[in-house]
Amino acid sequence: MSDHAVLHVRGRILVGPEDVRDELWVVGGRITYGRPAGARDVRTVDGWALPGLVDAHCHVGLGAHGPVDRDVAEQQALTDREAGTLLIRDAGSPSDTRWVDDREDLPKIIRAGRHIARTRRYIRGYAHEIEPADLVEYVAQEARRGDGWVKLVGDWIDRDLGDLAPTWPRDAVEAAIAEAHRLGARVTAHCFAENSLRDLVEAGIDCIEHATGLTDDLIPLFAERGVAIVPTLVNIATFPKLAKGGEAKFPRWSEHMRRLHERRYDTVRGAYDAGIPVFVGTDAGGTLPHGLVAAEVAELVTAGLPAQDALAAATWSARAWLGRPGLEEGAPADLVVYGTDPRADVRVLAAPRRIVLDGRVVG
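Presented here is an overview of the structure given in this document. By convention here, each chain's residues receive numbers from 1 onward along its written sequence. Residue-level local features of this predicted model are given only where pLDDT is at least 70; pairs of side-chain atoms are given and counted only at 80 or more, and the full residue set underlies all totals for whole chains, interfaces and linings. To get the side-chain values, take all heavy atoms of the structure and skip hydrogens and water.

### Regarding the overall build of the chain
Threshold: The way it works is that DSSP assigns letters per residue, a run of H or I at least four long becomes a helix, a run of E at least two long becomes a strand, and they are numbered from the N terminus. Note that the radius of gyration is over C-alpha atoms, with the globule rule given as 2.2 Å times the number of residues to the power 0.38. Categorising residues by exposure relies on relative accessible area from a 1.4 Å probe, with only protein chains included: less than 20% of the type maximum marks a residue as buried, more than 50% marks it as exposed, and the intermediate range marks it as partly exposed. Note on contacts: a residue pair is in contact if any heavy atoms of the two residues lie within 4.5 Å. Methods summary: accessible areas were calculated by the Shrake-Rupley approach with a probe of 1.4 Å, and residue burial reflects only the protein chains presented. The positive count covers Lys and Arg only, the negative count covers Asp and Glu only, and His and the chain ends enter neither. Where a charge sits is defined by one atom per residue type, namely NZ (Lys), CZ (Arg), CG (Asp) or CD (Glu).
Of the regular secondary structure elements, the chain holds 12 helices and 20 strands. Radius of gyration (C-alpha) of the chain: 21 Å, near the 21 Å computed for a compact globule of 363 residues. Seen along its three principal axes, the alpha-carbon backbone of the chain occupies a region of about 70 × 40 × 35 Å. Relative to its full complement of 363 residues, the chain shows a buried share of 55%. In the chain, the proportion of contacts linking residues at least 24 apart, taken out of those at least 6 apart, comes to 65%. About 14,600 Å² of surface is accessible on the chain, with carbon and sulfur atoms providing 47% of the total. Averaging the locations of the 44 positively and 55 negatively charged side chains of the chain gives two centres separated by 2 Å.

Put into structure tokens, the structure is as follows:
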């Protein structure tokens with residue numbers, strides 16, 4: 001489609017869960033609901049249209065051993081795009097992916113800078129590994145480098161303890177989160193276990209990744225503070241394999257990981273029932289493949305979320321949370337078209353009919 005072509009999408013336009021329209025037009029890469037006068041070179045697409053899907057926990061530019069070459073990062077982003085993911089919150093990457101911003105054919109990325117972890121308490125090659133005295137400095141650095149987010153590693157295995165344990169003392173995270181907020185950034189943290197969560201939430205954190213350690217006594221605190229969770233259930237599915245691999249050396253940790261996995265669906269459903277915001281994230285990158293957004297939405301349904309709310313967690317609600325538009329008048333035309341109603345069966349998300357990015361049909 002040329003830069004001057006007009007795209008006509010007709011059928012069912014899901015502007016919101018209950019706001020359904022018959023058609024939209026794309027003119028100059030932007031959405032309009034008024035028929036453009038004198039439109040020529042019109043291309044028509046029929047089906048059920050959604051805002052471009054959101055993967056709110058994804059790592060472009062990250063491989064199993066740290067940063068990857070640009071061609072690998074490009075393929076990661078293209079794989080996400082072909083799955084319908086047109087907006088990514090990159091939840092920590094050691095790679096500089098700013099070059100993606102100049103590519104009209106790649107998803108838009110909201111970056112959280114590089115992970116910030118305790119020395120020797122995370123995957124080698126991924127994070128800044130520092131001590132608590134330096135946490136405020138590094139949070140400020142990544143807040144300035146990122147796109148309004150900072151990513152902490154809130155817990156990890158303590159080899160002396162032989163189990164998951166908090167990474168940071170309470171006073172350090174309080175000061176660091178306050179500094180991020182002063183600089184206009186929100187803070188999120190990787191957390192598998194239970195015992196790091198209260199300090200992080202009471203310190204003012206904005207989001208918890210994975211949140212497998214969320215327990216009944218903590219749920220009211222999350223709900224009261226409005227702290228979101230991104231469960232990454234397609235990643236949590238790997239816990240049994242991880243537990244088996246570490247059982248000989250760290251049996252306590254292995255058993256803990258199995259317990260967290262066994263209750264994962266109850267944990268997510270309990271959070272949703274309490275009104276905690278839940279968003280879709282795959283944790284793609286590192287060891288997990290890209291393009292799993294449809295599988296993660298389906299996992300939320302398996303956990304007990306109504307299909308429409310699981311869908312919202314990857315579309316309308318997720319975009320609002322990240323401060324990005326959906327299918328509003330005048331918004332950039334980032335949308336995905338399906339053959340049937342995804343509200344009736346979220347599995348249709350795995351089979352996009354057309355993908356439109358900045359008004360261009362790219363898939």
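Having seen the model, we can carry on.
### Here's the deal with the side chain of Thr212
Defined as follows: Counting of polar contacts relies on pairs of N or O atoms within 3.5 Å, with two restrictions inside protein: one atom must be capable of donating a hydrogen and the other of accepting it, and residues adjacent in sequence are counted only when both atoms are side-chain atoms.
Mapped onto the elements of the fold, Thr212 is located in the loop between β16 (207–210) and α5 (219–225). Of the polar contacts made by the side chain of Thr212, one reaches the backbone oxygen of Phe192; its length is 2.6 Å. Setting aside chain neighbours within four positions, we find Thr212 in contact with Cys191, Phe192, Ile236, Phe239, Leu260, Arg263 and Thr267.

### A closer look at helix α9 (residues 264–273)
Since there are 3.6 residues in each turn of an α-helix, residues three or four apart along the chain are aligned in direction. As a reminder, the rule being used: Throughout, the arc means the angular range of directions from the helix axis out to the C-beta atoms.
Considered for burial, the residues of α9 that qualify are Arg264, Thr267, Val268 and Ala271. Along α9, the residues classed as buried sweep out an arc of 90 degrees about the axis, all on the same side. Summarising the geometry of α9, the exposed residues directed more than 90 degrees from the buried face are Asp266 and Asp273. The inward-facing, buried residues of α9 abut α5, β17 (228–230), α6 (233–236), α8 (251–262) and α10 (293–303).

### Quick notes on the packing of aromatic side chains
Note the cut-off: Only Phe, Tyr and Trp rings take part, Trp by its six-membered ring, and two of them pair if their centres are within 6.5 Å. Stacked means planes under 30 degrees apart, edge-to-face means over 60, and tilted covers everything else.
Inspection of every chain in the model, using the stated rule, returns 6 aromatic pairs. Taking the centre distance of 4.8 Å and the plane angle of 75 degrees together, the rings of Tyr122 and Trp156 count as edge-to-face. Here Tyr122 is found in the loop between β10 (116–118) and β11 (128–130), whereas its partner Trp156 is found in strand β13 (residues 155–158), with 34 residues between them in sequence. What makes Tyr122 buried here is its relative accessible area of 11%.

### A few points about the pairing of strand β4 (residues 42–51)
Rule in force here: Note on pairing: two strands pair once DSSP finds at least 2 bridges between them.
Sheet analysis places strand β1 (residues 6–14) next to β4, joined by 8 bridges and oriented parallel. Residue Gly11 lies in a different strand from β4, and its bridge partner there is Gly47.

### Thoughts on the packing of α9 against α10
Put simply, the rule reads: The angle between two axes is taken between their N-to-C directions and runs from 0 to 180 degrees, where each axis is a line fitted to C-alpha atoms and a helix contributes only its stretch in contact. The scheme is simple: roughly parallel for angles under 35 degrees, roughly antiparallel for over 145, roughly perpendicular for 65 to 115, oblique for anything else. Residues are grouped as follows: Ala, Val, Leu, Ile, Met, Phe, Trp, Tyr, Cys and Pro are nonpolar; Asp, Glu, Lys and Arg are charged; all remaining types, including Gly, are polar.
For the pair α9 and α10, the least separation of the axes is 8 Å and the interaxial angle reads 85 degrees. As far as their axial angle goes, α10 and α9 are roughly perpendicular. Here Tyr265, Val268 and Arg269 of α9 lie close against α10, whose contacting residues are Glu299, Leu300, Thr302 and Ala303. A breakdown of the residues in the contact of α9 with α10 according to their chemical character gives 4 nonpolar, 1 polar and 2 charged.

### Thoughts on the sheet that holds strand β20 (residues 360–361)
Neighbouring strands of a sheet are bound in pairs by backbone hydrogen bonds; such pairs are parallel or else antiparallel. Strand order in the open sheet formed by 7 strands is β3-β2-β1-β4-β18-β19-β20, with mixed pairing between adjacent strands. Each end of this open sheet is capped by a strand with a single partner; those strands are β3 (30–32) and β20. Bridge count between β4 and strand β18 (residues 335–338): 4 bridges; the pairing is antiparallel. Within β18, the residue paired with Leu50 across the bridge is Val336.

### Some details on a positive patch on the surface
Cut-off, in case you're wondering: Only residues whose relative accessible area exceeds 30% and that form no salt bridge enter a patch; like-charged residues are grouped when within 9 Å of one another, and nonpolar side chains (Val, Leu, Ile, Met, Phe, Trp, Tyr) when within 5 Å. Definition used for salt bridges: Asp or Glu carboxyl oxygen within 4 Å of a side-chain nitrogen of Lys or Arg.
On the surface, a cluster of positive charge is contributed by Arg120, Arg124, Arg159 and Lys249. Tracing the backbone through its elements, the reader meets Arg120 in the loop between β10 and β11. Overall, the relative accessible area of 64% leaves Arg120 in the exposed class.

### Notes on the pairing of strand β19 (residues 354–357)
Direction of pairing for β18 relative to β19: antiparallel, over a ladder of 3 bridges. The residue of β19 that forms the bridge with Leu335 is Val356. Pairing of β19 with β20, which is carried by 2 bridges, proceeds in the antiparallel orientation. Bridge pairing in β20 places Val356 opposite Val361. Counting the residues in the hairpin turn of β19 and β20 gives 2 residues, including Asp358, whose phi is positive at 50 degrees.

### Brief notes about the environment of Asp345
Structurally, the position occupied by Asp345 is in the loop between β18 and β19. It is 9.1 Å that separates the C-alpha atoms of Asp345 and Ala298, two residues lying 47 residues apart in sequence.

### A word on the nonpolar core
One broad trend across soluble globular proteins is that nonpolar side chains are buried collectively. The cut-off we apply is this: Residues belong to one nonpolar core when they are buried, are Ala, Val, Leu, Ile, Met, Phe, Trp, Tyr or Cys, and are joined through side-chain atoms within 4.5 Å.
By size, the foremost hydrophobic cluster in this structure holds 61 residues, and its most contacted members are Leu135, Leu152, Ile205, Ile208, Phe222 and Leu300. What Ile205 contacts, discounting residues up to four positions off in sequence, is Ile177, Val187, Thr188, Ala189, Leu200 and Val227. By size, the runner-up hydrophobic cluster in this structure holds 18 residues, among which are Ala117, Tyr122, Ala193 and Phe239.

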